[in-house]
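Next come the chains, spelled out residue by residue.
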Amino acid sequence: MLGAPGRVAVILRALNLGKDYPVRGSRRPLRALAGVSFELDRGETLGIVGESGCGKSTLARLLVRLELPTTGTVEFDGVDLTALSGARLRASRRRIQMVFQDPYSSLNPRQRVGAAIEEVLRVHKLHRRVSELLGMVGLSPAHADRYPHELSGGQRQRVSIARALAAEPAVLILDEAVSALDVSVRAEVMNLLVRLRDELGLGYVFISHDLSMVRHISTRIAVMYLGRIVELGPWDSVQDEPLHPYTVALQRTMPVPDPELASRQIDVPIQGEVPNPAAPPTGCPFHPRCPLAEQVCRERRPPLEELRGGHLAACHVAARMTAASPA
């Protein structure tokens, strides 16, 4: 069960997604993604979190068909995007848009804001007003005449969101969309994203290395490590009772606002570095850094399986402990 319990309708489905990149001078590819599967419901937010290099941005590019997967499929509203091309791909991809981390690099510096949004409307033959779209993201019609360099970072990201909304999508892929912003501006944009999701019924795949940001907006959370999902479940379950040691380690990197609680918190930092994806370890990919690793972890890769209601994890130790605990 990859979707949430009692879900309404699946809008986006990734099935066994894998992506390999060739490595110069080696016959062995770099495996950026390995067997990623999940489902997103209409109006739901799936947060995806993990360290740099875990495959989050590669996953984002595959979901919007900027790249083709090596294995697996991406289904949007029941249609396999990986099998489409030409006009059929453009028509389907219009409804799944992406907001990038750096709005300055994703906007044409020589194009006024209004022209950038009008271009989307013209390409997709949609009849909406630029001023209406700017108003949706908290900008005035006057911003349409400005160039990207005349805007603040938060304003540029609002323009990027407006341009994505111009295509009338059902799903937004938000790849580190607030991580480059100042803390105060980040909170404003997060609140904007929550409002737009609720008002428009949008589905989000919200990708970030910051677990606190993911937790703030998500219905469910997927934790990625070395190209795989190692934990997936409702945000409150993952937050209150994480099953995978990597998720526990990520939580301990989050600041604790209460000084008394912070002083009592046991700090167990993640040891070592993320392994080379071109030469991943045998067994569980996290075992070289895991304080709970057993011999089975070194020998056999654990499957991602449901250990509690709607809560999945890929961990031999968690599976054994969950099975041994009373129902």
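Structure shown above.
Residues numbered from 1 in each chain as written. Predicted model: local features only at pLDDT ≥ 70, side-chain atom pairs only at ≥ 80, totals over all residues. Heavy atoms only, no water.

Caption draft 1: Inspection of the environment of Ala 32 at higher detail. With respect to the element layout, Ala 32 can be found in strand β2 (residues 30–41). Judged by relative accessible area, Ala 32 falls into the buried class, the value being 11%. With 246 residues separating them along the chain, Ala 32 and Ala 278 place their C-alpha atoms 8.4 Å apart. Apart from the residues within four sequence positions on either side, Ala 32 is in contact with Lys 19, Tyr 21, Cys 54, Gly 55, Thr 58 and Gly 227. (Helix = DSSP H or I, 4+ residues; strand = E, 2+ residues; numbered from the N terminus. Buried < 20%, exposed > 50% of the residue type's maximum accessible area, 1.4 Å probe, protein only. Contact = heavy atoms within 4.5 Å.)

Caption draft 2: Structural context of the nonpolar core. By size, the foremost hydrophobic cluster in this structure holds 60 residues, and its most contacted members are Ile 161, Leu 165 and Phe 206. In terms of residues, this core owes the most to one element, helix α6 (residues 153–166), which gives six residues. With near-sequence residues (within four places) excluded, Ile 161 lies in contact with Val 99, Val 137, Val 189, Leu 192, Leu 193 and Leu 196. One finds Leu 46, Val 64, Val 74 and Phe 76 within the second-largest nonpolar core, a separate group that totals 33 residues. (Core = buried A, V, L, I, M, F, W, Y, C linked by side-chain atoms within 4.5 Å.)

Caption draft 3: Structural context of the pattern of salt bridges. In this structure the tally under the stated criterion is 15 salt bridges. With a closest N to O distance of 3.2 Å, Arg 195 and Glu 199 form a salt bridge. Taken together, the positions of Arg 195 and Glu 199, both in helix α7 (residues 183–200) and four residues apart, correspond to about one turn of that helix. The exposure class of Arg 195 is partly exposed, given its relative accessible area of 32%. Accessibility expressed as a relative area gives 54% for Glu 199, which makes it exposed. Because the salt bridges share partners, they merge into one network encompassing Arg 13, Glu 39 and Glu 75. (Salt bridge = Lys/Arg side-chain N within 4 Å of Asp/Glu carboxyl O.)

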